[in-house]
Amino acid sequence: MAVNGAQIVIDRLSHMYRPPHGKPVLAVDDVSLAVGEREFLALLGPSGCGKSTLLYLLGGFLPTETGSITVDGKPITGPGPDRGIVFQHFALFPWKTVRANVMYGLKRAGLPRDEQEKRAQAFIDLVGLHGFEESYPSQLSGGMKQRTAIARTLAIDPEILLMDEPFGALDAQTRSLMQTELLSIWERSPKTVIFVTHDVQEAVYLARRIAVMSARPGRIKAIIETNFDRRDPHLFKSKPFVDKVDEIWDLVRAEAIKAQGTRST
Amino acid sequence: MTAALSGVAFRYLPIVILAVLWQMASEFGWVSTAVLPPLSSVFEAGWGLITSDDFWVNAGASLYRGGVGLLLAIVIGAALGIGMAWWRPVRALLSPIVEIFYPLPKSALIPVTALWLGFGDASKILLIFLGCMLPVTIGAFNGARGSERTLVWSARSLGAGRLRTLWDVVVPSAMPELLNGVRTALALSWVLLVASELIVARAGLGYLIGFMGDGGNYDGMFAVVLFVALLGFIADRLYQMAMQRALRWRE
Ligand SMILES: Nc1ncnc2c1ncn2[C@@H]1O[C@H](COP(=O)(O)OP(=O)(O)OP(=O)(O)O)[C@@H](O)[C@H]1O
Ligand SMILES: [Mg+2]
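Because the structure is predicted, anything quoted here is derived from the model rather than measured. (Residues numbered from 1 in each chain as written. Chains lettered and ligands numbered in written order. Predicted model: local features only at pLDDT ≥ 70, side-chain atom pairs only at ≥ 80, totals over all residues. Heavy atoms only, no water.)

A. Up close: the environment of Gly131(B). All names here are of chain B. As for its placement among the helices and strands, Gly131 is situated in helix H7 (residues 121-145). For Gly131, a relative accessible area of 0% corresponds to the buried category. Along the chain, Gly131 and Trp116 lie 15 residues apart, while their C-alpha atoms are 15 Å from each other. Not counting residues within four places of it along the chain, the set of residues in contact with Gly131 comprises Lys106, Leu188 and Leu192. (Helix = DSSP H or I, 4+ residues; strand = E, 2+ residues; numbered from the N terminus. Buried < 20%, exposed > 50% of the residue type's maximum accessible area, 1.4 Å probe, protein only. Contact = heavy atoms within 4.5 Å.)

Put into structure tokens, the structure is as follows:
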């Protein structure tokens with residue numbers, strides 16, 4: 001593992017939830033992982049294994065109690081616009097319109113008003129929400145909310161992008177469009193991406209490295225490197241690609257079965 | 001437009017029926033006019049009142065006391081409730097006090113504030129402030145406590161500081177419950193105001209009701225009672241309309 005020169009270094013990180021009522025839950029267990037600058041890493045694992053928790057720790061929303069996380073050598077002390085996040089459940093401000101949601105981070109960054117508007121519009125157009133600028137989140141479909149959340153985070157151009165199943169609510173066509181869009185953004189202005197997904201094919205297509213997590217408590221079970229030519233239009237049908245997807249599927253499935261097992265006992 | 005108007009007319013038809021029954025009751029001698037004066041004479045007395053300066057001086061006194069007391073209750077009550085939700089020490093300090101005073105019948109404070117501040121405006125304002133603050137505080141507290149953590153996190157990761165997040169996320173999250181608390185406070189303020197003026201005051205609509213009742217001017221007394229009811233109704237309708245506008249983001 002290329003710890004030297006890595007941008008994000010997670011070292012023996014654990015996280016325990018302590019609900020006020022009920023017993024503590026160990027959600028992340030002894031995770032060590034280094035992510036290089038401008039790397040695109042996918043995080044796969046069965047439901048409930050601690051993927052979101054890991055992103056919350058990286059975002060600085062939950063305190064690091066056991067182990068450490070450093071970004072550019074400095075420990076994380078709290079949230080900041082250097083680490084943008086797209087939440088699994090969108091977390092849009094329900095009292096703000098699509099436009100106001102996307103503009104929020106730009107306003108906080110102190111951009112001049114016309115600059116805010118121009119930039120927000122560009123990202124609204126990018127995610128295909130032209131014409132819905134003045135809609136409130138309650139008037140949007142799940143997929144549209146998700147795209148608004150993506151636009152809001154991309155608009156502030158964070159150095160590190162944390163994405164929690166960002167395409168989970170999208171239909172197949174929109175999902176594929178957004179995947180291509182994300183890749184082209186990443187190629188144009190390279191940033192470090194940590195991308196949580198349930199979709200193995202998506203992970204293999206987008207990421208250069210895939211970390212597979214074990215059933216709860218989440219550990220890193222395997223790290224797989226991939227390098228496919230994404231411009232190949234027949235990529236999804238090519239044998240090496242399909243084999244890779246199958247190989248990773250087997251790993252994830254084994255963990256999912258384990259997760260089922262622990263749940264029923 | 002006409003459809004909307006006839007809708008409104010239909011909705012308030014029971015009020016019209018009630019008014020007709022009232023008039024008939026005294027017309028046909030079902031009840032003594034000493035107990036219930038005919039509605040027509042009440043209206044007549046009401047017309048006499050609203051064309052007199054004296055009436056508006058009293059109405060102005062009531063509205064001033066109610067308005068200032070309520071405004072203080074809303075501003076301070078909301079700040080306390082949100083403060084309790086956001087800062088643990090504030091919660092530890094205030095929540096037992098709120099819990100103990102919340103069930104207190106607020107009218108019990110009428111003699112207390114009169115003792116402290118006398119018979120004038122100040123005692124009424126203090127009464128309404130103290131009596132109406134807790135529903136606002138509790139609404140603001142519950143609303144702010146219920147703000148989703150991922151919304152707070154979103155704001156923080158989009159570059160908002162802690163205070164900014166309080167204003168941009170916690171306050172709007174608290175708004176629906178806060179505004180409901182204010183609605184309760186609005187109704188309560190009217191009750192407290194009229195009751196306190198009836199008991200200890202030298203001006204105000206409540207005072208006018210008592211004064212006319214004591215002087216045997218029952219037509220006038222009923223007219224003021226109706227006026228007070230109408231004012232309360234209008235205030236509530238206006239408030240509800242404003243609230244719907246403020247919360248139009250909710251579907
Ligand atoms: N606030 C909390 N209090 C207590 N336990 C929690 C809390 N949040 C999550 N957990 C537990 O921690 C574990 C990991 O949760 P997390 O949301 O990180 O999983 P995940 O991998 O993102 O799952 P999914 O793929 O379904 O989104 C789960 O077992 C969950 O029950
Ligand atoms: Mg999750």
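B. Here's a closer look at the nonpolar core. Counting 146 residues, the largest nonpolar core has Ile8(A), Ile10(A), Phe40(A), Ile210(A), Ile248(A) and Val224(B) as its most contacted members. No other element matches the 14 residues that helix H9 (residues 162-199) of chain B contributes to this core. Each of domain 1 (1-82 + 175-265) and domain 2 (91-157) of chain A accounts for three or more of the residues forming this core. Residue contacts for Ile210(A): discarding those within four places in its chain leaves Ala42(A), Leu44(A), Ala203(A), Val204(A), Ala222(A), Ile223(A), Ile224(A), Thr226(A) and Ile248(A). (Core = buried A, V, L, I, M, F, W, Y, C linked by side-chain atoms within 4.5 Å. Domains from an automatic or database assignment.)

C. Representation of the domain arrangement of chain A in the model. Residue and element names in this part refer to chain A. The domain boundaries assigned to chain A delineate domain 1 (1-82 + 175-265) and domain 2 (91-157). Once you take the C-alpha centre of each, domain 1 and domain 2 turn out to be 26 Å apart. Listed per partner, the contact involves six residues of domain 1 and seven residues of domain 2. Regarding the contact of domain 1 and domain 2, the summed buried area is about 530 Å², with carbon and sulfur atoms giving 75% of it. It is Met178, Ile185 and Lys191 that lose the most area in domain 1 upon contact with domain 2, and together they represent 64% of the buried surface on that side. Between the two partners, domain 1 and domain 2, sit one salt bridge. Asp157 is paired through a salt bridge with Lys191; the nearest N and O atoms lie 2.4 Å apart. For the side of domain 1 that touches domain 2, a count of residues per class yields three nonpolar, one polar and two charged. (Buried area = accessible area lost by both parts, 1.4 Å probe. Salt bridge = Lys/Arg side-chain N within 4 Å of Asp/Glu carboxyl O. Nonpolar A, V, L, I, M, F, W, Y, C, P; charged D, E, K, R; others polar.)

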